[in-house]
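# Understanding the architecture of this molecule
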Amino acid sequence: MTTSLRQSTLQTLGLGNVLDIFRNGQMPLNAGDSVNRVFGSGEDRGSLVISGINGIVGAGKAMQLGARLEPFGVPIVGLDFPGAADGIGRQYQGLRQTFGATGADRIMSSIVRLSYDGKDLPPMLKGLRPRFLLEAIPEILNVKKAHYELFRKTFPEIEIRSVTSGFPSSELGVGVAHPSFPHEINKIWEIVEPSPSAVTQMLWALGLVPVPVADRWSFILDVLFCGLTLAALRFHQATNMPFWKVDKYVRRLIGANPFRVHDAIGAKGANFLTWSCLHHLAGKYGELFQPTAELEEHRQSGQDWYPQNHFRPIVNWSMAAKTEDEFQSWILGPLFQMTSLMLHEERGHLAHINAIGELCAQFRRGVLAEIRARGADDVIKRVEAYHKLHPSSTSNWFPAVFSKMDSTDWQQLYVNAEHDGTVGIITISRESYNNDVDKELNRAVEWLKSARIKRVILTGDFHLSTQMIGADISDFFPALGSRDEGCKLSARWSQTARRLHSEFEVSVGFVYGKRCLGGFLELLMHCHYLIAVDTAQLGMPEVTLPVVPGMEGCHWPFRKTKPEQWPRLLDFLLTGKSVKARDGIGWLLDSAGTLDETLKLVWSIVSGQNHGLSPRKVVEVALSGIPASIQLPAAESPEAEAARKAILDTIRASTGARLNEALEIQAGHSADFMLSPACKGGRIGQEYAKVMVA
């Protein structure tokens, strides 16, 4: 029997526990079988129909699904009006960049485009055996319903999902598969259906990220993003601050640029969709969601929020402290209130609600993580302050939901753990490591230790996190002005990583996604064994940021690797170039192979079976013989050259000390470099200036 710290999000898809994947040595569902379940097999293979294929969403999803279904021989049938603009053609260059000319042409050749008048389906459609309709036509309810009836009349067994931004399934009469934006690259789909279907499980098996949500108006993404846009508009109304300047302050506070995003997507369509979502939400929930006059105007005109040739470069004032506080009430107050409504309605797994804000709405930190950090009292005071500024928005406020913040579901938004009494697993669902993940990881370790688990796997969650891209650089911002903050950050994260080495008899880090970089690779290298699928990219790109690795990457891998391999490690750290996992065996990781091979190997190691690998011991004494120099290509910038020198100095200082001294030495070097002009002139410093300096 498997015991979980909290429910795995994988379980919400009907795919079991993560620990079962390793125990069974295979994924719960493979892509081929899942495609057969939806589209049939052999001569019975049917097609996917995307109606409204020339729109932003329809065209984007045609590319995303076409690339994944083409290898299985599933044709994509694109349906639209004869005069519709060629949305598919605009996607071609993006396909070429990703798949090359040959691959892009092959994917495009699997797309059949048909025109229709909206009343009758093209006769040739029947010969293509439609099995699944993805509807992406305009947000007009009676038109959508007539469209479904048209298909059901001809194809009674067809599966139908709507990409609607606002209408619930109960109004539409079909299930919902609402994709997040930007539509052609973001893998998140909000799913509304009674229970996990073959369609939803197929999306997961194809490498997409379906997220079950409750059947409520406008779903989670649009409540968060459209709600944030509305909050920014109301602050504009109250202060007459230009949209671009409001956007600047919103980004500094939350991480998202709501007005800029509308323009980037295409203001004409995006303005309408935001208005539509808020209009319907206001009809259901009242003034909290009522669109402003400015949004009504932009909906009708299709006008951009950022006019060309505006005065951003020369107009640059700052808010006084009182105005800053009011700004936070205007923005965070309604956002927290809307979140209380979604929690009251139980719109989804808390980890899902939190992740959608980050992965889709571009929040720097998920809304639940932000609320958790501030605490219930502060959140309630902020909403009450908003009510004083905007008294008509007091309905649909549910402060009682924040009384549950001590529960495990609230406390473990990013990190989960499972065990079977002997073997444990820790899964991380955030693609970048930050202080929230660090705290949750420590709680997961404590939970497993309390159950006397001595053997553990550390990996992603096989759902929300499809890669591990390193540290969240926004957590470095305080260290740009304080050595003490830099030292504390590096030491704290390194101490967490060391627990994987020192507090379990056996620990196995496992990389199954596309890449594992920077801080996440440093974290996993602390496990006794590091295993990866052979196609995964492993890298330490810190020199390109630039920053000095702060989770012991400058000495830990040297202590686990034979001296003859040290030049490879130096090249790895000083160039920032990634390597395929299969090319890192013996000096960076212990083994690599196919997914099934590595799943079985990880289970063999952690369950104490014969596996043929010997752990690479960590040398605790000072190391000698680090090469004095190494041939490297020219650095790309003066900042990168300075980082190379700082990283090499850190390697020599931390490897030249005993293990029990090295952590503090590396933390000091990492902190010192973050104060340097090179760091402040690089990506981290530039991002800080762009985001945090108004």
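Below is a summary of the structure that appears in this document. Being a predicted model, the structure only gives us computed values, none of them experimental. (Residues numbered from 1 in each chain as written. Predicted model: local features only at pLDDT ≥ 70, side-chain atom pairs only at ≥ 80, totals over all residues. Heavy atoms only, no water.)

## Some remarks on the sheet that holds strand S5 (residues 130-135)
Read from one edge to the other, the open sheet built from eight strands follows the order S4-S3-S2-S5-S6-S7-S8-S9, with strand pairing classed as mixed. Looking at which strands have only one partner, the edges of the open sheet turn out to be strand S4 (111-115) and strand S9 (209-212). Across the sheet, the mean angle from the axis of one strand to that of its neighbour is 25°, orientation sign disregarded. Pairing of strand S7 (residues 175-179) with strand S8 (residues 188-192), which is carried by four bridges, proceeds in the antiparallel orientation. Bridged to Val 176 within S8 is Val 192. On the sheet, helix H2 (residues 31-39) packs against strand S2 (47-51) and S5 and is oriented at approximately 95° with respect to S5. (Pairing = 2+ DSSP bridges. Helix = DSSP H or I, 4+ residues; strand = E, 2+ residues; numbered from the N terminus. Axes fitted to C-alpha atoms, helices over the stretch in contact; angles between N-to-C directions. Contact = heavy atoms within 4.5 Å.)

## Here we look at the sheet that holds strand S16 (residues 537-539)
Strand pairing in a sheet relies on backbone hydrogen bonds, with the paired strands running either antiparallel or parallel. Taken in spatial order, the three strands of this open sheet run S14-S16-S17, and their pairing is mixed. Either end of the sheet is taken by a strand with one partner, and the two such strands are strand S14 (515-517) and strand S17 (579-580). For S16 and S17, the ladder comprises two bridges, and the chain directions are antiparallel. Paired with Leu 538 across the strands is Val 579, a residue of S17. Sitting on the sheet, helix H20 (residues 518-525) touches S14 and S16, and the angle it makes with S14 is about 90°.

## Overview of the pairing of S9
Each regular strand carries side chains that alternate between the two faces of the sheet. Where S8 and S9 come together, four bridges link them in parallel fashion. What sits directly across from Ile 191, in S9, is Pro 212. A crossover links S8 with its parallel partner S9, the connecting element being helix H7 (residues 198-205), and its sense is right-handed. (Right-handed = clockwise from strand over helix to strand, strands pointing away.)

## Comments concerning helix H23 (residues 595-606)
Its twelve residues place the ends of H23 17 Å apart at the C-alpha level, agreeing with the 16 Å of an ideal helix rising 1.5 Å per residue. Of the residues making up H23, those classed as buried are Thr 598, Leu 599, Leu 601, Val 602, Trp 603, Ser 604, Ile 605 and Val 606. Where H23 is buried, its residues contact helix H1 (18-24), strand S11 (423-428), strand S12 (455-460), strand S13 (506-511), strand S15 (529-533) and strand S18 (591-593). Note on H23: the residue one or two positions beyond its end, Gly 608, has a positive phi of about 85°. (Expected span 1.5 Å × (residues − 1). Buried < 20%, exposed > 50% of the residue type's maximum accessible area, 1.4 Å probe, protein only.)

## A look at the pattern of salt bridges
For the coordinates displayed, the defined rule picks out 36 salt bridges. When the shortest N-O distance is used, the salt bridge between Asp 325 and Arg 382 registers 3.2 Å. A residue pair is termed long-range when its members are at least 10 positions apart, and Asp 325 in helix H13 (residues 321-344) and Arg 382 in helix H16 (residues 376-389) qualify at 57 residues. Glu 358 is the partner of Arg 430 in a salt bridge, and the nearest nitrogen-oxygen pair spans 3.2 Å. One end of the pair, Arg 430, is in the loop between S11 and helix H18 (435-450); the other, Glu 358, is in helix H14 (residues 350-359), and 72 residues separate them in sequence. In this structure, Arg 430 and Glu 358 share a single accessibility class: buried. (Salt bridge = Lys/Arg side-chain N within 4 Å of Asp/Glu carboxyl O.)

## Considering helix H24 (residues 638-655)
With 18 residues, H24 extends 26 Å from end C-alpha to end C-alpha; this agrees with the ideal 26 Å at 1.5 Å per step. Along H24, the residues classified as buried are Ala 640, Ala 643, Arg 644, Ala 646, Ile 647, Leu 648, Thr 650, Ile 651, Ser 654 and Thr 655. Where H24 is buried, its residues meet helix H21 (556-559), helix H22 (566-575) and helix H25 (659-674).

## A closer look at the packing of helix H8 (residues 219-239) against helix H12 (residues 293-301)
Where H8 meets H12, the axes come as close as 9 Å, and the angle between the chain directions of the two elements is 115°. Compared by their axis directions, H8 and H12 come out roughly perpendicular. Contacts between H8 and H12 involve Leu 233, His 236 and Gln 237 from the former and Ala 293, Glu 294 and Leu 295 from the latter. Residues of the contact of H8 with H12, tallied by class, amount to three nonpolar, two polar and one charged. (Parallel < 35°, antiparallel > 145°, perpendicular 65-115°, else oblique. Nonpolar A, V, L, I, M, F, W, Y, C, P; charged D, E, K, R; others polar.)

## Examining the environment of Leu 79
Among the structural elements, Leu 79 can be located in strand S3 (residues 76-80). Leu 79 sits in the buried class, given a relative accessible area of 0%. Taking the C-alpha atoms as reference, Leu 79 lies 4.5 Å from Ser 51; in sequence the two are 28 residues apart. Not counting chain neighbours up to four residues away, the residues in contact with Leu 79 comprise Val 49, Ile 50, Ser 51, Gly 52, Ile 53, Leu 114, Tyr 116, Leu 121, Pro 122 and Phe 151.

## Topic: the packing of H24 against H25
Where H24 contacts H25, the axes come no closer than 9 Å and their chain directions differ by 165°. In terms of their interaxial angle, H24 and H25 are classed as roughly antiparallel. Here H24 and H25 pass one another in a crossing that is right-handed. Between H24, through Ala 642, Ala 643, Ala 646, Asp 649, Thr 650, Ala 653 and Ser 654, and H25, the contact on the second element is made entirely by Ala 662, Ile 665, Gln 666, His 669 and Phe 673. Taken together, the residues of the contact of H24 with H25 sort by class into seven nonpolar, four polar and one charged. (Left-handed = near helix turned anticlockwise from the far one by under 90°.)

## Overview of the environment of Lys 388
Note on placement: Lys 388 falls in helix H16. The class for Lys 388 is exposed, based on a relative accessible area of 72%. In the structure, Lys 388 is positioned 123 residues away from Val 511 in sequence and 50 Å away in space, judged by C-alpha atoms.

## A look at the environment of Phe 132
Take Phe 132: it is sitting in strand S5. Taking relative accessible area as the criterion, Phe 132 reaches 4% and is therefore assigned buried. Each C-alpha atom, one on Phe 132 and one on Leu 545, is 45 Å from the other, the two residues being 413 residues apart in sequence. With sequence-adjacent residues up to four places away left out, Phe 132 is seen in contact with Val 38, Phe 39, Ser 47, Leu 48, Val 49, Ile 158, Glu 159, Arg 161 and Val 199.

Geometric values such as these leave the question of function open.
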